[in-house]
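Observations on chain architecture
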Amino acid sequence: MHFEESINFLEKYEYHEKEFHGTSLQHNILSYIWQGDYSSRIKERLIKGNTKVIDLGCGTGQWLIDMSSKYPLSTFIGIDISSRLFPSQEIKPNNVAFLQYNLLDHPGIPFPNETFDFVYLRCLSMTFEEKDWAHVINEIVRVTDLNGCVEFMDFVCEGDIKGPIMNHLCSSLLSFLESKNIKPPSTTKLTEYLNQTNQISNIQLEVKSCPLGSWGGKLGELMLSDFITVFQRFKSILVPFMKISEKEYDKLLIEFDNECVRYQLCCYTYRLYGNKTTYNLG
Ligand SMILES: C[S@@+](CC[C@H](N)C(=O)[O-])C[C@H]1O[C@@H](n2cnc3c(N)ncnc32)[C@H](O)[C@@H]1O
């Protein structure tokens, strides 16, 4: 997304609020914060064409749809365990295909070795159990072509959290996930997994902050609205887990608005990316 388009996104929001709801809102906010859809050095190849891209755990496929319209000569594949959110055949661009598949199924991602020039994963850190990550990453590296790029993007889930409500909500969610053996991998852990494959080099980490709440202007308001939507979705599991009533949970979300301003809260997202090369082990 170019800078001017990004500005338009915030302005347009005022007039077309419904368009940007749900995951589409989060997708647009993330593209705006990062001023683009990816950080890997692959733009020229995407423009030139015949470049193959796969988005693992693609959800609605919004990232793929944006990418496919910007790079019409390249090919895009989305994989997700559920086809429920895939776009309908009528609006699906010709250079995108979707495949329903469980990434944990063995033997692995249903493509031959070195098929893709760019393998992308966004917001999957709360998806897999700790024991599954090494398998998933080995599979990612296997299907990446030599000189191809691998990129992970997600919210940072580590470090101190300012604000009692933010702390309560986030630590409850992380404890709930831990009770299901799910622990979002830290960027250090992801780097370690990539290093263990001995095939990914030039690993780079970038982190960007985004204000939460009205102290951060329109962007802060939109990010807060996305944050609240996420915690509303978790309500039915977090209420019993936190041992509070639905009313108390709702009150936390309402009071969270003021807390964001009082503590000038931010959330953080990262991109971790590298290239597939063969290491000279000698
Ligand atoms: C938080 S969403 C992220 C969606 C998308 N990447 C984005 O950034 O908007 C996580 C996605 O992972 C998918 N998913 C969960 N487990 C999966 C699995 N074992 N194999 C494939 N997809 C999976 C879910 O269906 C969901 O669409």
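This one's a predicted model, so the numbers in the text were calculated from it and none came from an experiment. (Residues numbered from 1 in each chain as written. Predicted model: local features only at pLDDT ≥ 70, side-chain atom pairs only at ≥ 80, totals over all residues.)

A word on the UniProt feature "domain: Methyltransferase" (unreviewed entry) in the chain
Taking the numbering used here, the UniProt-annotated feature "domain: Methyltransferase" (unreviewed entry) corresponds to residues 53–147. Secondary structure content for residues 53–147 is 21% helix and 27% strand, and the end C-alpha separation is 13 Å. (UniProt positions renumbered as here; feature names shortened; annotations may be inferred. Helix = DSSP H or I, 4+ residues; strand = E, 2+ residues; numbered from the N terminus.)

Here we look at helix α5 (residues 133–143)
The set of residues buried in α5 consists of Val136, Ile137, Ile140, Val141 and Val143. At its buried positions, α5 is contacted by β4 (116–122), β5 (144–155), α7 (187–196), β6 (200–211) and β7 (266–276). (Buried ≥ 20, exposed ≤ 12 C-beta atoms within 10 Å, placed from the backbone. Contact = placed C-beta atoms within 7 Å.)

Things to note about the confidence of the model for the chain
Scored by pLDDT, the chain has a mean of 91; 90% of the residues are at 70 or more. Low pLDDT, under 50, characterises residues 1–7; the predicted model gives this stretch nine contacts beyond four residues in sequence or across chains. (pLDDT = per-residue confidence, 0-100.)

Description of the sheet that holds β5
Reading across the sheet, the seven strands line up as β3-β2-β1-β4-β5-β7-β6 and stay open at both edges, with mixed pairing between neighbours. Where the open sheet ends on each side, the last strands, each with one partner, are β3 (96–100) and β6. On average, each strand axis in the sheet is inclined to that of its neighbour by 15°, with strand direction left out of account. With five bridges connecting them, strand β2 (residues 75–80) and β3 associate as parallel partners. Bridging across to β3, Ile77 finds its partner in Ala97. Each of β5, β6 and β7 is contacted by α7, which is oriented at about 10° to β7, the strand it contacts most. (Pairing = 2+ DSSP bridges. Axes fitted to C-alpha atoms, helices over the stretch in contact; angles between N-to-C directions.)

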